[in-house]
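Structure at a glance
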Amino acid sequence: MTTPPDDRSFRREMATAYRSGWHFIDLVTAIPHSGDSLMVTVFGEPVVVTRDEDGDVRAYRCLRRPRGAPQPVRCAIRYGMIFVNLDQRDHALAEPAAPAAPQTIATPRSA
């Protein structure tokens, strides 16, 4: 007979093994129109998946912070399925790099 894990080891296992990685939420057809949203619980954390005006699918963690805004999480769509990544290290969204200015290359003139 196995004994249930204590709360501390359970939380540590959830944080290291289960939260790191991509997790299936639902099919994209669950939120077909702009403004549609879907609320799910992933490993005890409420996550809202929504489709914005541009048609992009975004996901947010609903934290209970005073005066805090929902925290964005990484969201990906593969083969018509929505996946989210709850890993704390992946919550800082990287800003896309600004495109480099086109460089002009001087060519020698023919004499």
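Residues numbered from 1 in each chain as written. Predicted model: local features only at pLDDT ≥ 70, side-chain atom pairs only at ≥ 80, totals over all residues. Heavy atoms only, no water.

Quick notes on unusual backbone geometry
What counts here: By definition, any uninterrupted DSSP run of H or I lasting at least four residues is a helix, any uninterrupted run of E lasting at least two residues is a strand, and each is numbered from the N terminus. Each residue is placed in one exposure class: buried if its accessible area under a 1.4 Å probe, protein chains only, is under 20% of its type's maximum, exposed if it is over 50%, and partly exposed if it falls in between.
Positive phi is not limited to glycine here, since Tyr79 has a value of about 55 degrees. Mapped onto the elements, Tyr79 comes out in the loop between strand 5 (71-78) and strand 6 (81-85). Assessed through its relative accessible area of 81%, Tyr79 is described here as exposed.

Re the packing of aromatic side chains
Each aromatic ring pair is summarised here by two numbers: the centre-to-centre distance and the angle between the ring planes. This is how the line gets drawn: Two aromatic rings from Phe, Tyr or Trp, using only the six-membered ring of Trp, form a pair when their centres are within 6.5 Å; if the ring planes differ by under 30 degrees the pair is stacked, by over 60 it is edge-to-face, and anything between is tilted.
Overall, the coordinates contain one aromatic pair when judged by the stated rule. On the numbers, 5.9 Å between centres and 65 degrees between planes, the contact of Phe24 with Phe83 is edge-to-face. Taken together, the residues Phe24 in strand 1 (residues 22-27) and Phe83 in strand 6 connect sequence positions 59 residues apart.

Looking at the environment of Asp52
Which entries qualify depends on this criterion: Contact definition: two residues touch when any of their heavy atoms are within 4.5 Å. Here a polar contact means two N or O atoms within 3.5 Å. Within protein one must be a hydrogen donor candidate and the other an acceptor candidate, and residues neighboring in sequence count only if both atoms are side-chain atoms.
Looking at where Asp52 falls in the secondary structure, it is placed in the loop between strand 3 (45-51) and strand 4 (57-61). When the C-alpha positions of Asp52 and Gly35 are compared, they lie 5.7 Å apart, and in sequence the two are 17 residues distant. With sequence-adjacent residues up to four places away left out, Asp52 is seen in contact with Ser34 and Arg58. Here Arg58 takes part through its side chain, which lies 3.1 Å from a polar atom of the side chain of Asp52.

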